[in-house]
Amino acid sequence: MINSKENHISTSAKNYADSLIQVCKDGVLTYETASKDLEIVKEIISESDELVKVMENPAIANNTKNEIIDSVFSNQISDKIINFLKILIDKKRFNELTQIIQAYNDEVDIINNIKRVEVYSAVEVSEDRKQRLIDKLQNKLKKNVIVNWNINNDIIGGLVIKIDDDIIDNSLKNKLENLSKNII
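Residues numbered from 1 in each chain as written. Predicted model: local features only at pLDDT ≥ 70, side-chain atom pairs only at ≥ 80, totals over all residues. Heavy atoms only, no water.

Within the protein one finds 8 helices and 4 strands. For 184 residues, the compact-globule estimate of 2.2 N^0.38 gives 16 Å, and the protein exceeds it by more than 25% at 21 Å. Along the first, second and third principal axes, the C-alpha set of the protein runs to 70 × 35 × 30 Å. For the protein, with 184 residues in total, the buried portion stands at 35%. Counting only contacts in the protein whose residues sit at least 6 apart along the sequence, the fraction spanning at least 24 positions is 66%. With the model as given, the accessible surface of the protein reaches about 11600 Å², and the carbon-plus-sulfur share is 48%. (Helix = DSSP H or I, 4+ residues; strand = E, 2+ residues; numbered from the N terminus. Rg over C-alpha atoms; globule rule 2.2 N^0.38 Å. Buried < 20%, exposed > 50% of the residue type's maximum accessible area, 1.4 Å probe, protein only. Contact = heavy atoms within 4.5 Å. Areas by Shrake-Rupley, 256 points an atom, 1.4 Å probe, with all protein chains shown as cover.)

Right, let's talk about the pattern of salt bridges for a bit. According to the stated counting rule, one finds 9 salt bridges in the structure shown. Linking D70 and K86 is a salt bridge whose minimum nitrogen-to-oxygen distance equals 2.8 Å. On the criterion of sequence distance, the pair formed by D70 in helix 4 (residues 62-73) and K86 in helix 5 (residues 79-90) is long-range, its members being 16 residues apart. The partly exposed category is assigned to D70, whose relative accessible area is 30%. (Salt bridge = Lys/Arg side-chain N within 4 Å of Asp/Glu carboxyl O.)

As a further point, take the nonpolar core. Counting residues in hydrophobic clusters, the biggest one holds 32 residues, and the most contacted among them are F73, L85, F94 and Y104. When contributions to this core are tallied by element, the ones reaching two or more residues are helix 1 (11-25), helix 2 (31-47), helix 3 (49-56), helix 4, helix 5 and helix 6 (97-111). Apart from the residues within four sequence positions on either side, F73 is in contact with V41, I44, L51, I82 and L85. Grouped together as the second largest cluster of nonpolar side chains are 11 residues, V117, V119, L133 and L137 included. (Core = buried A, V, L, I, M, F, W, Y, C linked by side-chain atoms within 4.5 Å.)

One can find I82 in helix 5. Once the C-alpha coordinates of I82 and V41 are considered, the two residues, 41 residues apart in sequence, prove to be 9.5 Å apart. In this structure I82 touches I69, D70, F73, S74 and I77, once residues within four positions along its chain are discounted.

To continue, consider the sheet that holds strand 4 (residues 166-171). Here we have 4 strands laid out as an open sheet, ordered 2-1-3-4, and mixed in their pairing. The outermost strands of the open sheet, each flanked by one partner alone, are strand 2 (144-151) and strand 4. In this sheet, adjacent strand axes meet at a mean angle of 20 degrees when their direction is disregarded. When strand 1 (residues 114-121) meets strand 2, the two strands line up parallel, connected through 8 bridges. Among the inter-strand pairings, R116 is bridged to a residue of strand 2, identified as I146. Set on the sheet, helix 7 (residues 127-141) makes contact with strand 1, strand 2 and strand 3 (158-163); between it and strand 2 the angle comes to about 135 degrees. (Pairing = 2+ DSSP bridges. Axes fitted to C-alpha atoms, helices over the stretch in contact; angles between N-to-C directions.)

This part covers unusual backbone geometry. Non-glycine residue K92 carries a positive phi angle of around 55 degrees. K92 sits in the exposed class, given a relative accessible area of 62%. Unusually for a residue other than glycine, K142 sits at a positive phi of about 60 degrees. Tracing the chain through its elements places K142 in the loop between helix 7 and strand 2.

So, about the packing of helix 3 against helix 4. Their axes nearest at 10 Å, the elements helix 3 and helix 4 cross at an angle of 150 degrees. Taken together, helix 3 and helix 4 sit at an angle that is classed as roughly antiparallel. Along this stretch, helix 3 crosses helix 4, giving a crossing that reads as left-handed. Contacts from L51, V54, M55 and E56 in helix 3 reach K65, I68, I69, V72 and F73 in helix 4. (Parallel < 35°, antiparallel > 145°, perpendicular 65-115°, else oblique. Left-handed = near helix turned anticlockwise from the far one by under 90°.)

This part covers the pairing of strand 3. Counting buried positions over the 6 residues of strand 3 gives 5, a clear majority of the element. Where strand 3 meets strand 4, 6 bridges bridge the pair, whose relative direction is antiparallel. Looking at strand 4, one finds that K162 is bridged to I167. In sequence, strand 3 turns back onto strand 4 through a hairpin of 2 residues, with D164 there showing a positive phi of about 55 degrees.

Structure (structure tokens):
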């Protein structure tokens, strides 16, 4: 029902993400620009398996890969992120780009006191109810909460809230299952 995607981020990916964070802290690039650029890179790469295969192919020369990076991204993202991608190519870490972007986004969320939460409901939740839940979560977590709302017919009614690895299951399905266990 709930995808608990285990995102293991390697130490090297965290180190590259930390380097990118430091570049932002030093004022060379803003967090917003880096985040926007990385999102564009992630989107383009997710749509092109061929591009990924070329970038990760050790038989293709780095200068050829760098030219491809320039041609694909030059008018879409900042030169700093283009140079960052080229460093990943030179260090043979392009295969960790998705992890690096995730580690970068996680760190930016910490810096900005943001907590990302998944909420699952059986039906569309009204805007008023969404805002009340966000307010409660922000008050409880003492963070700015960004909610990803999902519809899941399996839960029948109520809500399932996923915060990191914690799941608060207030669904009707869960209540019925617990009632069934208690009766037997």
